[in-house]
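Given next are the chains, with one letter for each unit.
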Amino acid sequence: MSAPRSLVLTAAVLLSCGALFNAFIPAPRLVTQPAPVSAAAVSLSAAALVTPTAAHAAESSVWIPALSAVGAGFAIGLAAIGSGVGQGIASGRCIDGISRQPEVAD
């Protein structure tokens, strides 16, 4: 008996979603042609992308990005361990309470 009811409810949800999505009027789309890219713009973009890398490699602070990535990894690991320990403590206290009063477990 649940199969026909499920099919009817699924059809009702699909029809209502379709009606909801058709109720909105889409914004008009302006079709424009992209501007032609000049060689000067391409070279300027390439220079802007390469300059920070060259300046960063010239300095002696190459360790900063590497150590910040390691620090972020440690922070994520400690957060995962901390949440696991917290859930373990809560579950342990729950089991202790159930063992003291088994009638409360239901």
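Bear in mind that the values here come from a model prediction, so they are computed numbers and not experimental data.

### Brief notes about the overall build of the protein chain
Then, in step 1: Counting its regular elements, the protein chain contains three helices and zero strands.
Then, in step 2: Seen in sequence order, the protein chain has helices and strands lined up from the N terminus as α-α-α.
Then, in step 3: Taking all 106 residues of the protein chain together, the buried fraction comes to 0%.
Then, in step 4: Taken as a whole, the protein chain presents about 9500 Å² of accessible surface, with 72% of it coming from carbon and sulfur.

### A look at the confidence of the model for the protein chain
Then, in step 1: Overall, the prediction assigns the protein chain a mean pLDDT of 78, with 83% of residues at 70 or greater.
Then, in step 2: No element of the protein chain has a lower mean pLDDT than helix 2 (residues 39-58), which averages 68, and none a higher one than helix 3 (residues 63-100), which averages 88.

### Section: a nonpolar patch on the surface
Then, in step 1: Together, Leu 78, Ile 81, Val 85 and Ile 89 make up a nonpolar patch on the protein surface, roughly 410 Å² of accessible area in all.
Then, in step 2: Mapped onto the elements of the fold, Val 85 is located in helix 3.
Then, in step 3: Judged by its relative accessible area of 47%, Val 85 is partly exposed.

The rules behind these values
Residues numbered from 1 in each chain as written. Predicted model: local features only at pLDDT ≥ 70, side-chain atom pairs only at ≥ 80, totals over all residues. Heavy atoms only, no water. Helix = DSSP H or I, 4+ residues; strand = E, 2+ residues; numbered from the N terminus. Buried < 20%, exposed > 50% of the residue type's maximum accessible area, 1.4 Å probe, protein only. Areas by Shrake-Rupley, 256 points an atom, 1.4 Å probe, with all protein chains shown as cover. pLDDT = per-residue confidence, 0-100. Patch = residues over 30% accessible without salt bridge, like charges linked within 9 Å, V, L, I, M, F, W, Y side chains within 5 Å. Salt bridge = Lys/Arg side-chain N within 4 Å of Asp/Glu carboxyl O.

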